[in-house]
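# Examining the three-dimensional arrangement
What follows is each chain in one-letter form.
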Amino acid sequence: MSRIEQLINEIEEFIDGCKYQPLSNSKIIVNKEEMEELLVELRMRVPDEIKKYQKIISQQEAILADARNQAQNMIADANAQTEQLVNDHEIMQRAYQKANEIVEDARHQAETIVQDAVNDANDIRQGAVTYTDNMLSSLQTIISNTVNESRQTYETLYQQLQNTYEVCTQNRNDLAGGVGEQDTYYEQETAANN
């Protein structure tokens, strides 16, 4: 399992662990369905090439071993050619020279193959890291925007409830004051009649 897939699974577990909004069984602080759709889209956008590159990176040792084997085969071929060329003195001198050239060429080719394999693996790894970082940055932006929208919604609801509470308090105070005024009027009328 790649690191991208692990991160997606961790985000899904985080969403499943979030508390539901009051009086709701389908919404959490971050809308679960929207986030799951985003995660599915993220998973679908992971190109097949990244998986191929991850496979190449995991097989880097095999590629390097293959390059070493090719180099050893070339050296062995050079040694075999050297043995065939050593028949007499003049041929032997040319054979040594040719063998040295072949061995040097084989070493150079082997080093080039190994270095190219290492460079390719490093380029692929860097590309995968950059792509993953870009995807995670996009996901962070989406989550941040969703959190801000949720915070604004809750702040609006809180303000509306606070206003309603204050209206109820004012209405109760008005009612309490009205009852007191009626009692005072009744007492004045009773005193006047006596």
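Right, let's walk through the structure included here. Just so it is clear, the model here is predicted, and its values are computed rather than measured.

Now for the environment of alanine 99. Tracing the backbone through its elements, the reader meets alanine 99 in helix α5 (residues 89-193). Since its relative accessible area comes to 7%, alanine 99 is described here as buried. For alanine 99 and alanine 80, which are 19 residues apart along the polypeptide, the C-alpha to C-alpha distance reads 9.1 Å. Not counting residues within four places of it along the chain, the set of residues in contact with alanine 99 comprises Ala78 and Thr82.

For the rest of this paragraph, the subject is the side chain of threonine 146. The topology assignment puts threonine 146 in helix α5. There is a polar contact of 2.9 Å between the side chain of threonine 146 and the backbone oxygen of isoleucine 142.

Another point: the nonpolar core. Judged by nonpolar contacts, Ile8, Ile11, Ile15, Cys18, Ile28, Met35, Leu39 and Leu139 together constitute the single largest core of eight residues. If you list the elements that add at least two residues to this core, you get α1 (3-17) and α2 (32-45). Ranked by residue count, the leading element in this core is α1, at three residues.

Attention shifts here to a nonpolar patch on the surface. Where nonpolar side chains cluster on the molecular surface, the patch consists of Ile29, Tyr154, Leu157 and Leu161 and spans about 380 Å² of accessible area. Mapping leucine 157 onto the fold places it in helix α5. The partly exposed category is assigned to leucine 157, whose relative accessible area is 41%.

Position of isoleucine 28 among the secondary structure elements: in the loop between α1 and α2. Linking isoleucine 28 and glycine 17, residues 11 residues apart in sequence, is a C-alpha distance of 9.7 Å. For isoleucine 28, the residues in contact, after removing those within four places along its chain, are Ile15, Cys18, Lys19, Tyr20 and Gln21.

Cut-offs applied
- Residues numbered from 1 in each chain as written.
- Predicted model: local features only at pLDDT ≥ 70, side-chain atom pairs only at ≥ 80, totals over all residues.
- Heavy atoms only, no water.
- Helix = DSSP H or I, 4+ residues; strand = E, 2+ residues; numbered from the N terminus.
- Buried < 20%, exposed > 50% of the residue type's maximum accessible area, 1.4 Å probe, protein only.
- Contact = heavy atoms within 4.5 Å.
- Polar contact = N/O pair within 3.5 Å; in protein donor to acceptor, adjacent residues only side chain to side chain.
- Core = buried A, V, L, I, M, F, W, Y, C linked by side-chain atoms within 4.5 Å.
- Patch = residues over 30% accessible without salt bridge, like charges linked within 9 Å, V, L, I, M, F, W, Y side chains within 5 Å.
- Areas by Shrake-Rupley, 256 points an atom, 1.4 Å probe, with all protein chains shown as cover.
- Salt bridge = Lys/Arg side-chain N within 4 Å of Asp/Glu carboxyl O.

It is worth stressing that arrangement in space is one thing and function is another; only the former is reported here.
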